[in-house]
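Here are the chains, one letter per residue:
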Amino acid sequence: MISSYLKQAQLSANPTLISTELEKLELHLTNTILPDVRWEYQIPELGEGGACSLFGYLQDEPFKLTDYLKSDEQTQFKLASLQSIVSYIEQQTGVDWYGIYQSTNTSEGKQLLKLAYHGVPSRPLFPLTEAFAAGSNNVQVALSHHGRIINNVEAYLSQGGEYYTCDPKVKSETCLPLFNAQNECVGIIDAEAFKNDFFDDKTLAVLIACCIKIPHFLV
């Protein structure tokens, strides 16, 4: 399971550490009372080109997951489980921003839909198109199925790397794919930190362990 994920996502990480973190996550999910589901959340206005959020400028109307998902008991359980994983990651790593996205068919085509997150308000949907991938780490990972770890955004940019800067406080970012039982990419996670070299072996092990578990709770 772990080796298969690492191979698909083209990642180099410590399988033993990931196994340990997966066991800890299982215990957390078994012993923790599930939080309330956040069916609505505030979202920012979008900047030119639509990739980045305009921080400090929130839209008047909240984004409603019920416009895209059923609000039945099964969906509520899955969303609550995902929010529990989000809280677990924040507690274990101290990451400044973290979100779980699922590939979803919408009236405007296939998009990444944000199901649960920790941090400041951010855009809820990302079009899964090659054109949008040119300015979105999330979409690049979802289409390529390959993880992306940037531990120094400034250095990455200076070396000619493609990266869109929305929040200048972000110094490190990791986007990782999510795979179902058929090895299809069904979503991604995105994690951001306000300091360089944030994603060490231990932090990546936590993130990857969660990526292995998250698809069980996608809706």
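Note that this is a predicted model, so its numbers are computed, not measured.

Helix and strand counts for the protein come out as seven helices and 10 strands. What you see for the protein is a C-alpha radius of gyration of 16 Å, in line with the 17 Å of a compact globule of 219 residues. Scored against the burial criterion, the 219 residues of the protein give a buried share of 51%. For the protein, the accessible area works out to roughly 10800 Å², and carbon and sulfur atoms hold 48% of it.

As a further point, take the nonpolar core. Core analysis: the largest hydrophobic core is formed by 65 residues, its most contacted members being Tyr-5, Leu-65, Leu-82, Tyr-98, Ile-100 and Ile-214. Those residues in contact with Ile-100 that lie beyond four places of it in its chain are Leu-82, Val-86, Leu-113, Lys-114, Leu-115, Ala-116, Leu-178, Ile-188, Ile-189, Ile-214 and Leu-218.

Over the atoms a probe the size of a water molecule is rolled, and this reveals where empty space is left. This model, assessed by the stated rule, comprises one cavity of 30 Å³ or more. The calculated volume of the largest cavity comes to roughly 50 Å³. At the level of secondary structure, the elements contributing two or more residues to the lining of the largest cavity comprise α3 (73-93) and β6 (109-118). Of all the elements, β6 adds the most residues to the lining of the largest cavity, at three residues. Of the residues assigned to the lining of the largest cavity, the class counts are six nonpolar, one polar and one charged.

Attention shifts here to helix α7 (residues 201-213). Given 3.6 residues per turn, any residue in an α-helix points the same way as the ones three and four places further on. If you check α7, its first and last C-alpha atoms are 19 Å apart, about what 13 residues at 1.5 Å a residue would give, namely 18 Å. When you tally the buried positions in α7, you get 11 out of 13 residues, the bulk of the element.

As a further point, take helix α5 (residues 137-144). Among the eight residues in α5, six count as buried, and that is most of the element. Restricting attention to buried positions, one finds in α5 the residues Asn-137, Asn-138, Val-139, Gln-140, Val-141 and Ala-142. One or two positions beyond α5, positive phi appears at His-145, with a value near 70°.

Let's shift gears to the pairing of strand β5 (residues 97-106). A regular strand places its side chains on the two faces of the sheet in alternate fashion. Of all 10 residues that make up β5, nine are buried, and the element is covered over most of its length. The sheet contact formed by β5 and strand β10 (residues 185-193) spans six bridges and is antiparallel. Among the inter-strand pairings, Trp-97 is bridged to a residue of β10, identified as Glu-192. Of the strand pairs in this sheet, β5 and β6 are connected by nine bridges, and their pairing is antiparallel. Looking at the pairing, Asn-105 lines up with Lys-110 of β6. A loop of two residues connects β5 with β6, the two strands running antiparallel in sequence.

This part covers the packing of helix α2 (residues 15-31) against α7. Two elements in contact, α2 and α7, have axes whose closest approach is 8 Å; the angle formed by their N-to-C orientations is 55°. Taken as axis vectors, α2 and α7 run oblique relative to one another. Between α2 and α7 lies a crossing whose hand is right-handed. Contact residues: α2 offers Leu-17, Ile-18, Glu-21, Leu-22, Lys-24, Leu-25, Glu-26 and Leu-29, while α7 offers Asp-201, Lys-202, Ala-205, Val-206, Ile-208, Ala-209, Cys-210, Ile-212 and Lys-213.

A few words now on unusual backbone geometry. Look at His-145: it is not a glycine, yet its phi comes out positive at around 70°. Within the secondary structure layout, His-145 lies in the loop between α5 and β8 (148-150). When its relative accessible area of 31% is taken as the criterion, His-145 is described as partly exposed. Backbone geometry places Asp-197, a non-glycine residue, at a positive phi of 55°.

The geometry of an aromatic ring pair comes down to the distance between the two centres and the angle between the two planes. Here the structure, examined in full by the defined rule, presents nine aromatic pairs. When the centroid spacing of 5.4 Å and the interplanar angle of 35° are considered together, the rings of Tyr-41 and Phe-63 count as tilted. Taken together, the residues Tyr-41 in strand β1 (residues 40-41) and Phe-63 in strand β4 (residues 63-64) connect sequence positions 22 residues apart. No difference in accessibility class separates Tyr-41 from Phe-63, as the two residues are buried.

Basis of the calculations
Residues numbered from 1 in each chain as written. Predicted model: local features only at pLDDT ≥ 70, side-chain atom pairs only at ≥ 80, totals over all residues. Heavy atoms only, no water. Helix = DSSP H or I, 4+ residues; strand = E, 2+ residues; numbered from the N terminus. Rg over C-alpha atoms; globule rule 2.2 N^0.38 Å. Buried < 20%, exposed > 50% of the residue type's maximum accessible area, 1.4 Å probe, protein only. Areas by Shrake-Rupley, 256 points an atom, 1.4 Å probe, with all protein chains shown as cover. Core = buried A, V, L, I, M, F, W, Y, C linked by side-chain atoms within 4.5 Å. Contact = heavy atoms within 4.5 Å. 1 Å grid on protein atoms, 1.4 Å probe; cavity = no way out; pocket = protein on both sides within 12 Å on 5 of 7 lines; lining within 4 Å. Points joined across faces, edges and corners; volume = space filled by probe spheres on them. Nonpolar A, V, L, I, M, F, W, Y, C, P; charged D, E, K, R; others polar. Expected span 1.5 Å × (residues − 1). Pairing = 2+ DSSP bridges. Axes fitted to C-alpha atoms, helices over the stretch in contact; angles between N-to-C directions. Parallel < 35°, antiparallel > 145°, perpendicular 65-115°, else oblique. Left-handed = near helix turned anticlockwise from the far one by under 90°. Phe/Tyr/Trp six-rings, centres within 6.5 Å; stacked < 30°, edge-to-face > 60°.

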